[in-house]
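So the chains spell out like this:
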Amino acid sequence: MAWTIKLTFAVLFTSLTGSVVLLVWHFIGKGLEWLGYRDIRYSLLKLVLPFFVLPVCYLVFVRLVRLWPEWDGGVLFLQTPAILRGCTIFCAVWFAGIGILGLWYLLLLAMLRKRHRGKTMKCKEEEIREFCSVCEVLRIPPDRVEVWLSYGIAVSEFTGVRHPAVMLPVGKYTGEDLRTMFVHELIHYKQKDIWIKHAITIILIFHFFNPIVWWLHFSIRRWSEHACDRKACEYTGGMDPYFDTITKMVTDVGTAKAYFTVQQVEDEHQLSERVVHMKKFIGYQKKSPVAAAVVCGVLAAVSSVSVCAASAGMARQYRNLYQTSVVDEVEEMDIMELEEFEEAPGVGTSVEEEGELQDMVRSGAMFTWTVKSDVLKKTPEFDAKSGGSINVAVVAPADKYVNVGIIEPDGARRYVREKGDIYHEFSLDQTGKYRVFVENKNAGAVDVEGSYIVR
């Protein structure tokens, strides 16, 4: 199979897998939260992230079609010129999107660094003592996280991956307000929220075409704050004094900070939502983790079934696409009236070479070859029966004619001569061993990609 087809379906299957798991876990997490399992949705959102990175489902399906080709009719991932063109366009758009969003990601990082460059200074002794006191309470070694004053910010924030640091606005907070800020930002450190924010942003860059990933990106930012609020209230005297403090800090933090830092509050709407969320759990007792573990086991089973069902549906759509594109190619070639030639055994003058197959199932295979001048490159032998057919699809250079055909059991060659996108169905009147070949009679080498399927 062409690398564009491999890449396209690896990306699409991975995006599909992550989306199905996310939606299933979201609704189950919503139910668990209603039962009193606080912060469960944020934990589940973080567990979803690997499903958008590891192409497990794609690898399973590649293995499946090799071991059990009848499952999908033997056509999954086989190419036609139309499918190859579509996958090539997808890859071009995908790479362009990654490039644009990657530059955007680097630009935001540069903006964030510039915001603090030349604007930081050491904290006062009382601020450092308070910071160390909070670190001790939260069981964080003080040397793990730095603390700095900055003229470039309006509210406190936690930032940095390699060198995590709490940044304080100069001369703004003292006493309990200062302690509340330290508790909030250091809980974000314990939750590893900075790493999670960078991870989901990178996943967003690679899955930008999937609206569910954009929703996941927003949800990660939202639920990380909810989880942090609940834990912070336990160390700051409760909900009322905690939110009294952060209400004083409402401000718009800007795009760069929203994506790559965590801070007390972004805007009034977000603050109001966080207060409402906290009120839902007033009086709730801590639930047994055993019940949650059982539900998570059920969750894993349900999501596995859902992923398999969705992936099987995608495979069926590929089979329909393949069959439709084959019909379109046949109609196009019928309009072109490709003439079929035949040569008796031993008549050909080209040097014969056996080419390797990239992907092979019981009823078909794919290949990507470089065919030198005056060379006939052929596939290994395969079985076919009289009364059936061999459908051959090849993408050749648009300006060079090549011979594309089959070698019959008696050694006779049947072929068509064409350039560009080539499709032909060879009817069979013998049972035995066949080969597919591409012959190059041009002065230079040609690169071709193709596939065949036995019917």
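Just so it is clear, the model here is predicted, and its values are computed rather than measured. (Residues numbered from 1 in each chain as written. Predicted model: local features only at pLDDT ≥ 70, side-chain atom pairs only at ≥ 80, totals over all residues. Heavy atoms only, no water.)

This brings us to the packing of aromatic side chains. Enumeration over the complete set of coordinates arrives at 11 aromatic pairs. When the ring of tryptophan 94 is compared with that of phenylalanine 95, the centres are 5.3 Å apart and the planes differ by 55°; the resulting orientation is tilted. Taking the relative accessible area as the measure of exposure, tryptophan 94 reaches 8% and is therefore buried. Its relative accessible area of 43% is what places phenylalanine 95 among the partly exposed residues. Centroid distance phenylalanine 208 to phenylalanine 209: 5.9 Å. Interplanar angle 80°. Geometry classified as edge-to-face. The partly exposed category is assigned to phenylalanine 209, whose relative accessible area is 30%. (Phe/Tyr/Trp six-rings, centres within 6.5 Å; stacked < 30°, edge-to-face > 60°. Buried < 20%, exposed > 50% of the residue type's maximum accessible area, 1.4 Å probe, protein only.)

Let us look at the packing of helix H8 (residues 211–235) against helix H9 (residues 239–247). Between H8 and H9, the least distance of the axes is 8 Å, while the angle of their chain directions is 115°. Crossing angle aside, the handedness with which H8 passes H9 is right-handed. Between H8 and H9, the contacting residues are Asp229, Ala232 and Cys233 on the first element and Met239, Tyr242 and Phe243 on the second. Considering only residue class, the contact of H8 with H9 consists of 5 nonpolar, no polar and 1 charged. (Axes fitted to C-alpha atoms, helices over the stretch in contact; angles between N-to-C directions. Helix = DSSP H or I, 4+ residues; strand = E, 2+ residues; numbered from the N terminus. Left-handed = near helix turned anticlockwise from the far one by under 90°. Contact = heavy atoms within 4.5 Å. Nonpolar A, V, L, I, M, F, W, Y, C, P; charged D, E, K, R; others polar.)

Here we take up a nonpolar patch on the surface. Residues Leu23, Phe27, Trp215 and Phe218 make up a contiguous nonpolar surface patch of roughly 410 Å² in combined accessible area. Those elements that provide at least two residues to the nonpolar patch are helix H1 (3–34) and H8. The topology assignment puts phenylalanine 218 in helix H8. A residue is classified by how much of its surface remains accessible, and phenylalanine 218, at 47% relative accessible area, is partly exposed. (Patch = residues over 30% accessible without salt bridge, like charges linked within 9 Å, V, L, I, M, F, W, Y side chains within 5 Å. Areas by Shrake-Rupley, 256 points an atom, 1.4 Å probe, with all protein chains shown as cover. Salt bridge = Lys/Arg side-chain N within 4 Å of Asp/Glu carboxyl O.)

Relative to the helices and strands, threonine 379 is located in the loop between strand E10 (375–378) and strand E11 (382–384). Not counting residues within four places of it along the chain, the set of residues in contact with threonine 379 comprises Glu354, Gly355, Leu357, Phe367, Trp369, Arg435, Val436 and Tyr452.

With that settled, consider the pairing of strand E13 (residues 402–407). Counting buried positions along E13 yields 6 of 6 residues, so the element is predominantly enclosed. In the sheet, E13 pairs with strand E14 (residues 413–418) via 6 bridges, with the strands oriented antiparallel. In the strand pairing of E14, valine 402 is matched with glutamate 418. Here E13 folds back onto E14 in antiparallel fashion, the turn holding 5 residues, of which glycine 411 has a positive phi close to 95°. When E13 meets strand E16 (residues 432–440), the two strands line up antiparallel, connected through 5 bridges. Residue pairing in the sheet places isoleucine 407 in a bridge with arginine 435 of E16. (Pairing = 2+ DSSP bridges.)

A separate point is helix H6 (residues 175–190). In a regular helix each residue adds 1.5 Å, so 16 residues correspond to 22 Å; H6 covers 23 Å between its end C-alpha atoms and thus fits that length. With respect to burial, H6 is a largely interior element, 13 of its 16 residues being buried. (Expected span 1.5 Å × (residues − 1).)

On to the nonpolar core. Nonpolar side chains in soluble globular proteins tend to be buried together. Counting residues in each nonpolar core, the largest one holds 29 residues, and the members touching the most others are Phe131, Val145, Val166, Leu168, Phe182 and Leu186. Of all the elements in the fold, those that place two or more residues in this core are helix H5 (125–137), strand E2 (146–150), strand E4 (165–169), H6, H8 and H9. The element that contributes the greatest number of residues to this core is H6, accounting for 7 residues. Beyond its immediate chain neighbours, meaning those up to four positions away, phenylalanine 131 contacts Pro142, Val145, Glu146, Val147, Val166, Phe182 and Leu186. Counting residues in each nonpolar core, the second largest holds 26 residues, with Val375, Val392, Leu428 and Val454 among its members. (Core = buried A, V, L, I, M, F, W, Y, C linked by side-chain atoms within 4.5 Å.)

For the rest of this paragraph, the subject is H5. Taking 1.5 Å per residue, 13 residues should reach 18 Å; H5 reaches 19 Å between its end C-alpha atoms and fits that length. Buried positions along H5 lie against E2, E4 and H6. In the stretch just after H5, arginine 139 is the one whose phi turns positive, near 60°.

A word on the pattern of salt bridges. Following the criterion strictly, the structure yields 13 salt bridges and no others. Notably, a salt bridge pairs glutamate 353 with lysine 377, separated by 3.8 Å at the nearest N-O pair. Taken as a pair, glutamate 353 in strand E7 (residues 351–354) and lysine 377 in strand E10 lie far apart in primary sequence, 24 residues in all. Residue glutamate 353 is classed as partly exposed on the basis of its relative accessible area, which comes to 29%.

Moving on, we come to the state of the cysteines. Applying the stated criterion across every chain, the model contains 0 disulfides. Cysteine 228 takes part in no disulfide bond, and the closest cysteine sulfur to it belongs to cysteine 233, at a distance of 9.3 Å. Among the residues examined, cysteine 228 registers a relative accessible area of 0% and is labelled buried. (Disulfide = S-S within 2.5 Å.)

Function-wise, these values are silent; they only describe arrangement.
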